[in-house]
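# Coordinate inspection notes
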Amino acid sequence: MSISRALLVFTSLAMIAGSPTLLADPDPGNGNGNGKDKGSAHGNKGGQGNQGQGGGKKGAGAHYNGPQIDIGGVRVILGDNRDYWRGGSSLPPGIQKNLARGKPLPPGIAKKLDGRLLGRLPHYDGYEWQQAGTDLILVTIATGIIYEVLNDVLN
């Protein structure tokens, strides 16, 4: 009887001691409360990116597991191919506020881009570039969740 109790106590202690290991974050850079701001994880180099959109905040979840975007490179491509896109008018402030990473794309505001421009922009499986007013957005095709917003690059 005492051997089974000792085994039970040992097993319980092993489970309690092992639980912090099971709860530990295997990827410390994924933004689950590690206190580090990795705003450059999406290619935000030289201070470029989506200021006003939460810049390096992690917390919405799955969209941070996607591709790393070279925003500076995308801006160069847009500048070199101005004939393939037309600047839109700015969106109303209420709709503009809803264009944020991790939020669903509001229905009916995004337009498809010219195929010639799409052929030059970086392609990411499962994602699609679209235009919303003067913003270029990268949207998850399956869910319609906004992955990246490049504010005012299409003006």
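In the nomenclature of an unreviewed UniProt entry, the protein corresponds to RcnB family protein from the organism Pseudomonas proteolytica.

The next subject is the overall build of the protein. Counting its regular elements, the protein contains 4 helices and 4 strands. Across the protein, helices and strands are ordered from the amino to the carboxyl terminus as α-α-α-β-α-β-β-β. When the 155 residues of the protein are sorted by exposure, 33% land in the buried category. Long-range pairs, those at least 24 residues apart, make up 57% of the contacts in the protein between residues at least 6 apart in sequence. Accessible area of the protein: about 9500 Å², with a carbon and sulfur share of 58%.

Here Leu118 lies in helix α4 (residues 115-120). On the basis of relative accessibility, which here comes to 33%, the residue Leu118 falls in the partly exposed class. Sequence separation of Leu118 and Gln130 is 12 residues, and the distance between their C-alpha atoms is 9.2 Å. Look past the residues within four positions of Leu118 in its chain and what remains in contact with it is Leu113 and Trp129.

Per the counting criterion, the structure on display carries 2 aromatic pairs. Aromatic side chains Tyr124 and Trp129 sit 6.4 Å apart centroid to centroid with 55 degrees between the ring planes, which places their arrangement in the tilted category. Owing to a relative accessible area of 14%, Tyr124 belongs among the buried residues under this scheme.

Right, let's get into the sheet that holds strand β3 (residues 135-140). If you trace the 4 strands from one edge of the open sheet to the other, you get β1-β2-β3-β4, paired in antiparallel fashion. In this open sheet, the two strands that pair with only one neighbour each are β1 (111-112) and β4 (146-150). In this sheet, β3 lies alongside strand β2 (residues 127-132) in antiparallel orientation, the contact comprising 6 bridges. The partner of Trp129 across the bridge, within β3, is Leu138. This element, helix α2 (residues 71-80), spans β2, β3 and β4 of the sheet and lies at about 60 degrees to β4.

Our focus in this paragraph is the pairing of β2. The buried count for β2 comes to 5 of 6 residues, which makes it a mostly enclosed element. Pairing between β1 and β2: 2 bridges, direction antiparallel. Among the inter-strand pairings, Lys112 is bridged to a residue of β2, identified as Gln130. Counting the residues in the hairpin turn of β2 and β3 gives 2 residues, including Gly133, whose phi is positive at 65 degrees.

This part takes up the side chain of Gln131. Its place among the elements puts Gln131 in strand β2. Looking at Gln131, its side chain comes within polar contact range of the main-chain oxygen of Gly133, at 3.0 Å. Residues in contact with Gln131, not counting those within four places in the same chain, are Arg86, Gly87, Gly88, Ile109, Ala110, Lys111, Leu113 and Leu154.

Summed over all chains, the structure comprises 3 salt bridges. For Glu148, the salt bridge identified is with Arg101, shortest N-O distance 3.9 Å. With Glu148 in strand β4 and Arg101 in the loop between α3 (93-97) and β1, this pair connects stretches of sequence that are 47 residues apart. A salt bridge links Glu128 to Lys112; the nearest nitrogen and oxygen atoms lie 3.0 Å apart. Taken as a pair, Glu128 in strand β2 and Lys112 in strand β1 lie far apart in primary sequence, 16 residues in all.

Criteria and cut-off values
- Residues numbered from 1 in each chain as written.
- Predicted model: local features only at pLDDT ≥ 70, side-chain atom pairs only at ≥ 80, totals over all residues.
- Heavy atoms only, no water.
- Helix = DSSP H or I, 4+ residues; strand = E, 2+ residues; numbered from the N terminus.
- Buried < 20%, exposed > 50% of the residue type's maximum accessible area, 1.4 Å probe, protein only.
- Contact = heavy atoms within 4.5 Å.
- Areas by Shrake-Rupley, 256 points an atom, 1.4 Å probe, with all protein chains shown as cover.
- Phe/Tyr/Trp six-rings, centres within 6.5 Å; stacked < 30°, edge-to-face > 60°.
- Pairing = 2+ DSSP bridges.
- Axes fitted to C-alpha atoms, helices over the stretch in contact; angles between N-to-C directions.
- Polar contact = N/O pair within 3.5 Å; in protein donor to acceptor, adjacent residues only side chain to side chain.
- Salt bridge = Lys/Arg side-chain N within 4 Å of Asp/Glu carboxyl O.

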